Amino acid sequence: MTLEGLISWVRRRLTPGQYFGLELTLGVVIFLTAAWIFGGLAEDVASGAPITRVDQNLARWMNLHQVTSIRDLMVVVSFLHTWPIGLAAAGFLALLMWRRDWYWIIVGLSAVGGGVALNTALKLAFHRDRPTLSGLPSALLTYSFPSGHTLAATVLYGVFVGYLLRTIRSRAARRSLIAAAVTVVLLVAFSRIYLVVHYLSDVLAAMAEGVAWLALCYTATSTLMARYRHRHRKRQTRGESLHR
């Protein structure tokens, strides 16, 4: 490849809206970065690296420094991200189907449904026991790594934000929306640590897993849609040429 060809290739990869353009490039970079972070955490947990001692020490500290009002708030935050948020997701999907917004239907189903399935598979693969200090038997029925609550919040709010950003033009409003979503995800993650039903590495890995999976779903769907539009335009061009 010549230098001119290389420059042209790079320019296409960085052009928004182009077939295999900026969206694909950013998606691949975000996916690889988040997957690398998850892989590092998973390896550390599996090998008993120093972060597992941090996990244990933080769990003990949280258990010894419980504040009733904060604990009650964290219980509510965790509860809202079980079946209530599931109902919200189902309602959002119903709205998308009513509007026949196929792009976001595909993104929503793959990101949320696929993300939860992936998380379940990872829990079974790592079979890490949960912290036992909380004394909440109902919260200790599944494995700990990575956190399902945190993963679900990451992918679900990621889809919500992506959908809403299409209709918001104000930069300040867009930044506020993103900041609010990130804050809620961090609050969900903190609630799991504060209630001592997950370790720090569980929620960090879940956030990395969620970001990687979101990037993969967005990128794959956008690329497939761009490919469909590209082929449709080519067929239209051929049809117009034949009728001349």
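For the structure, see preceding data.
Residues numbered from 1 in each chain as written. Predicted model: local features only at pLDDT ≥ 70, side-chain atom pairs only at ≥ 80, totals over all residues. Heavy atoms only, no water.

(A) Just the overall build of the protein, in detail. On a plain count of helices and strands, the protein comes out with nine helices and zero strands. Start at the N end of the protein and walk to the C end: the helices and strands fall as α-α-α-α-α-α-α-α-α. Per-residue burial over the protein gives 36% buried out of 244 residues. Put simply, of all contacts in the protein between residues at least 6 apart along the chain, 76% involve residues at least 24 apart. (Helix = DSSP H or I, 4+ residues; strand = E, 2+ residues; numbered from the N terminus. Buried < 20%, exposed > 50% of the residue type's maximum accessible area, 1.4 Å probe, protein only. Contact = heavy atoms within 4.5 Å.)

(B) Expanded view of helix 8 (residues 171–194). Between the first and last C-alpha of helix 8 there are 34 Å, a value that for 24 residues agrees with the 34 Å anticipated at 1.5 Å per step. The complete set of buried residues in helix 8 reads L177, A181, V185, V188, A189, S191, R192, I193 and Y194. (Expected span 1.5 Å × (residues − 1).)

(C) Local environment of unusual backbone geometry. A cis amide bond links F145 with the next residue in sequence, P146, at an omega value of -10°. For H127, which is not glycine, the phi torsion reads 35° and is therefore positive. On the secondary structure map, H127 appears in the loop between helix 6 (102–126) and helix 7 (148–165). Residue H127 is classed as partly exposed on the basis of its relative accessible area of 48%.

(D) Geometry of the environment of R175. For R175, the position within the fold is in helix 8. Using a relative accessible area of 56% as the deciding quantity, one classes R175 as exposed. Spatially, the C-alpha atom of R175 lies 9.6 Å from that of L165, the residues being ten residues apart in sequence.

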